[in-house]
Amino acid sequence: MVLDLIRDFLTRYQLNLNRIEIESLLFTGRFLLLVDGLNELPNDEARRDLDGFRHKYRQVTPMIFTTRYLF
């Protein structure tokens, strides 16, 4: 799911990469991932999917995640 979201985002900006190309960039450390709004994830399944993605690529892909603290 996360790879599909990345691909959809890139496509909106005319960067047409397939999943294999995106994974290659992720595994070679040639992709900086900035993710904002973690508190806006729709459900626990989405949180687990993102956590699994983060664990899979954390050693090779620089990532920054941000969220707002909600009272």
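Residues numbered from 1 in each chain as written. Predicted model: local features only at pLDDT ≥ 70, side-chain atom pairs only at ≥ 80, totals over all residues. Heavy atoms only, no water.

We now examine helix H2 (residues 19-27). Buried within H2 we find Ile22, Leu25 and Leu26. Viewed end-on, H2 has its buried residues packed into an arc of 100 degrees, placing them on one side of the element. Those residues of H2 hidden inside the fold are in contact with helix H1 (2-12) and helix H3 (44-57). In the stretch just after H2, Gly29 is the one whose phi turns positive, near 70 degrees. (Buried < 20%, exposed > 50% of the residue type's maximum accessible area, 1.4 Å probe, protein only. Helix = DSSP H or I, 4+ residues; strand = E, 2+ residues; numbered from the N terminus. Arc of directions from axis to C-beta. Contact = heavy atoms within 4.5 Å.)

So, on to the environment of Ala46. With respect to the helices, strands and loops of the structure, Ala46 is situated in helix H3. According to the relative accessible area criterion, Ala46 is buried, its value standing at 6%. For the pair formed by Ala46 and Val2, sequence separation is 44 residues and the distance between their alpha carbons is 8.8 Å. Setting aside residues no more than four positions away along its own chain, Ala46 makes contact with Met1 and Leu41.

These figures come from the coordinates and say nothing about function on their own.
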